[in-house]
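So you can see what is in the structure, the chains are spelled out below.
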Amino acid sequence: MPATKTPWWRSGVVYQIYPRSFADADGDGVGDLRGIVERLEHVRDLGAAAVWLSPIYRSPMADFGYDVADHTDVDPLFGTLADADALIERAHVLGLRVLLDFVPNHTSDQHPWFQESRASRDNPKRSWYVWRAGDAPPNGWIANFGDQRPAWTRDEPTGEWYLHSFLPEQPDLNWDEPEVEAAMHDVLRFWLRRGVDGFRIDVAHAIGKDPELGDNEPGRRHSEGWPSVHPRLAGIRRVLEEFDGERVAVGEVYLLDQRALAPYITSGDELHLAHNFVFLNLPWSAQRFRTVVDEFEELTREGGWPAWCLNNHDHSRTATRYGWSRARVAAMLVLTLRGTPFLYQGEELGLTDVHVPPDAIVDVDDRDPERAPMPWVAPSQAGPGAGFTTREPWLPVHPDAELLAASVQAQDAGSDLAFYRELLALRAATAALHSGTYRSVTAAPDVFAFVREHEGRRVLVALNFAPFPRALPDEAHGGRTLLSTHEVAAPGTLAGDEGRIVELG
Ligand code: NOJ
């Protein structure tokens, strides 16, 4: 029997593009699809297998695209459907897959479905959203964003309350209504037919809620992760399987309990991958990372494939959160664990968060600093827009763009960009790193070390979380260094903040 080929979404690296901040081709200060096409080679040269685009759909942008007003059109700010087709085609020519963000839990309040739904109690689309009568909010559910605001808003003309897990401008769809599920499946098909290779599913766990609207209790949430979520995700998976190729469903399952997370990926008929926010939210501690990774390994070893990321458009960047000198160690961790790594645009440049002055803040939830535009070219060459834009950018460009710009780092063998490229190339060339088993090993305090093994080839990864030297694990002795975060890798010792990959004899 021929060996089964590892699917691309297991061996490859996914690169997240935040379209507003990637590249602005039409000169309005906001990134767009043509801009992405012009810069796709950067992603190819980095060695990624796929891009995931944050939402590009028509939207009033109350939550910068996570409030969709038309699932089957591109927002004019980003371009047109033809631009989306061109992007998908160009990506495929470059050998990159394309994942779109799919936002199933809610729409914009400007979506025609909600406009109809809110019009009257007997509107045929009334049941597409969650409505309740009463003098007070139907339960104590709290909206994400804002200061503990109720997840309910009372709406004229009917005087009833509608549910919104996020902003009032983002009413929740009612997935207990089969017509909603069918309509959302059609949205998936619309994009799958256009050639997209899969979806990152926004708050995937939220499409199952207690239909009785019970209050959340310690240890049991009624507002998300209800058992009905699992058949619904399986339904999404079946839609992907109507199409050829290896189309993939990646869930943003924001549950801070790995035991609750694992079932989303281990059944074999739901999500292929799910982001792990227990991992993303860890403090910088070797012991904590080891414990969490070991636990998730245990939970997913049979039939589950993890996805790892430490950066995205909702969280402070690792170079800020953990510190610049540790960001390479964090990258080495994400790119060498058993699982699919997700990188977020700009982390390969070592970008930190950008300070946004109070009068320039635009996000409802303080996420502007990690969404600052990509610096492509030194401002001394390209002007203050750093090759991102020729106009005033929608968020400030990084103050160190002169040094951090991609084209500057591409000329420097010691740069973060060069390091990421080497790391991705090593991962791609080393089956133990992209497909091997995982086993953590005994190491000095502050060192997280593990061995990846594939067909007899063993590679040890040792990550020093301390700013001081620490002994390399005994197992590494006599091994051959494949890559270090540092220029000089001393035998037997890890420097402070060093990560090292060692091939064992
Ligand atoms: C998670 C997305 O990543 C975030 O940016 C968005 O605001 C919420 N879901 C609501 O869609």
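For the structure itself, look to the data block above.
Residues numbered from 1 in each chain as written. Predicted model: local features only at pLDDT ≥ 70, side-chain atom pairs only at ≥ 80, totals over all residues. Heavy atoms only, no water.

A. Spotlight on the site of the ligand. The local shell around the ligand consists of Asp63, Tyr66, His106, Phe145, Phe166, Arg200, Asp202, Glu252, His313, Asp314, Arg367 and Arg371. One of the side-chain N or O atoms of histidine 106 is found 2.9 Å from an oxygen atom in the ligand. At 3.0 Å from an oxygen atom of the ligand is found a side-chain nitrogen or oxygen belonging to arginine 200. With the chains in place, 98% of the 300 Å² that the ligand exposes on its own is no longer accessible. Its residues assigned to classes, the shell around the ligand comprises 3 nonpolar, 2 polar and 7 charged. (Near = heavy atom within 4 Å. Polar contact = N/O pair within 3.5 Å; in protein donor to acceptor, adjacent residues only side chain to side chain. Areas by Shrake-Rupley, 256 points an atom, 1.4 Å probe, with all protein chains shown as cover. Nonpolar A, V, L, I, M, F, W, Y, C, P; charged D, E, K, R; others polar.)

B. Spatial organisation of the environment of arginine 288. By the element assignment, arginine 288 lies in helix H10 (residues 286-300). Here the alpha-carbon distance between arginine 288 and tryptophan 305, two residues 17 residues apart in the chain, equals 20 Å. Every residue in contact with arginine 288, bar those within four places of it in the chain, is listed here: Leu282 and Pro283. (Helix = DSSP H or I, 4+ residues; strand = E, 2+ residues; numbered from the N terminus. Contact = heavy atoms within 4.5 Å.)

C. The arrangement of the environment of leucine 426 in detail. Tracing the sequence through the fold places leucine 426 in helix H16 (residues 416-429). C-alpha separation for the pair leucine 426 and threonine 336, spaced 90 residues apart in sequence, amounts to 9.7 Å. Not counting the four nearest positions on each side in its chain, leucine 426 is found in contact with Leu433, Leu482, Leu483 and Ile501.

D. Representation of the pairing of strand S8 (residues 160-163) in the model. Burial of the side chains of S8 extends over both faces: Glu160 and Tyr162 are buried on one face and Trp161 and Leu163 on the other. Bridging between strand S6 (residues 131-132) and S8 involves 2 bridges; their strand directions are antiparallel. By the bridge assignment for S8, arginine 132 is matched with tryptophan 161. Here strand S7 (residues 152-155) folds back onto S8, and the loop between the two strands holds 4 residues, one of which, glycine 159, carries a positive phi near 75 degrees. (Buried < 20%, exposed > 50% of the residue type's maximum accessible area, 1.4 Å probe, protein only. Pairing = 2+ DSSP bridges.)

E. Region of the structure containing the pattern of salt bridges. Scanning the entire structure with this criterion turns up 35 salt bridges. Here aspartate 202 ties to arginine 200 by a salt bridge, and the two come within 2.8 Å at their closest N and O atoms. Given a relative accessible area of 7%, aspartate 202 falls into the buried group. One salt bridge in this structure joins arginine 367 and aspartate 314, with 3.1 Å as the shortest N-O distance. Taken as a pair, arginine 367 in the loop between strand S13 (340-344) and helix H13 (379-382) and aspartate 314 in the loop between strand S12 (307-308) and helix H11 (318-321) lie far apart in primary sequence, 53 residues in all. Given a relative accessible area of 7%, arginine 367 falls into the buried group. Given the relative accessible area of 22%, aspartate 314 is considered partly exposed. What you see here is one network of salt bridges that share partners, running through Asp63, Asp314, Asp363, Arg367 and Arg371. (Salt bridge = Lys/Arg side-chain N within 4 Å of Asp/Glu carboxyl O.)

F. Up close: the sheet that holds strand S2 (residues 50-53). With parallel pairing, 8 strands are arranged side by side in an open sheet as S11-S10-S9-S5-S2-S1-S13-S12. In the strand order of this sheet, the two ends are held by strand S11 (273-274) and S12, each with one partner. Two strands pair when backbone bridges link them, and strand S5 (residues 97-102) and strand S9 (residues 198-201) are joined in this way by 4 bridges, in the parallel orientation. The partner of aspartate 101 across the bridge, within S9, is arginine 200.

G. Summary view of the sheet that holds S6. Spatial ordering of the open sheet is given by S6-S8-S7, a layout of 3 strands whose pairing is antiparallel. Single-partner strands in this sheet number two, and they are S6 and S7.

H. A look at helix H12 (residues 324-336). Most of H12 sits inside the fold, with 10 of its 13 residues counted as buried. Within H12, burial applies to Ala327, Arg328, Val329, Ala330, Ala331, Met332, Leu333, Val334, Leu335 and Thr336.

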